[in-house]
Amino acid sequence: VPEDQAGKLLLASWSLPKAVLEKYHSLGVVQMFEWQAECLMLGRVLEGKNLVYSAPTSAGKTLVAELLILKRVLETRKKALLILPFVSVAKEKKCYLQ
């Protein structure tokens, strides 16, 4: 992340609703890793263009997907489909995203 955009690591800088930020904060998520912010700032990904990224297990890939989905749903007022690989992850995200 360029030095002049270091503030983009903070979730609060992504124009998310207060309730969403509070939920993330209650789970201890206040900022992203640099690679996560870089994913969100690549090209026109926030405008709905494709993004392919890879990271080890538990590195934070889901947060990138969640933020992309949340921003697009809130900005376009369209629905989104989130496909998860395991039932346990799906149950966790169902409770979390409600």
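As the structure is a prediction and not an experimental result, all values here were calculated from the model. (Residues numbered from 1 in each chain as written. Predicted model: local features only at pLDDT ≥ 70, side-chain atom pairs only at ≥ 80, totals over all residues. Heavy atoms only, no water.)

Visitor: Can you tell me about the side chain of E66, naming the residues and giving the values?
Guide: Within the secondary structure, E66 is located in helix α3 (residues 61–76). Within polar-contact distance, the side chain of E66 engages the side chain of Y24 at 2.7 Å. Leaving out residues up to four positions away in the same chain, E66 has contacts with Y24, K93 and Y96. (Helix = DSSP H or I, 4+ residues; strand = E, 2+ residues; numbered from the N terminus. Polar contact = N/O pair within 3.5 Å; in protein donor to acceptor, adjacent residues only side chain to side chain. Contact = heavy atoms within 4.5 Å.)

Visitor: Account for the pattern of salt bridges, with residues named and values stated.
Guide: Taken as a whole, this structure holds five salt bridges when the rule is applied. The salt bridge involving R44 is made with E47; its shortest N-O contact spans 2.8 Å. Sharing partners across several salt bridges, the network here consists of E66, E92 and K93. (Salt bridge = Lys/Arg side-chain N within 4 Å of Asp/Glu carboxyl O.)

Visitor: Could you give an account of the environment of V30, with specific residues and numbers?
Guide: Counting through the fold element by element, V30 comes out in the loop between α1 (18–26) and α2 (34–41). Separated by 66 residues in sequence, V30 and Y96 have C-alpha atoms that sit 16 Å apart.

Visitor: An account of the UniProt feature "domain: DEAD/DEAH-box helicase" (unreviewed entry) in the protein chain is requested, with residue identities and associated values reported.
Guide: Per the UniProt record, "domain: DEAD/DEAH-box helicase" (unreviewed entry) is annotated on residues 43–92. Along residues 43–92, the helical share is 44% and the strand share 0%, with 30 Å between the first and last C-alpha atoms. (UniProt positions renumbered as here; feature names shortened; annotations may be inferred.)

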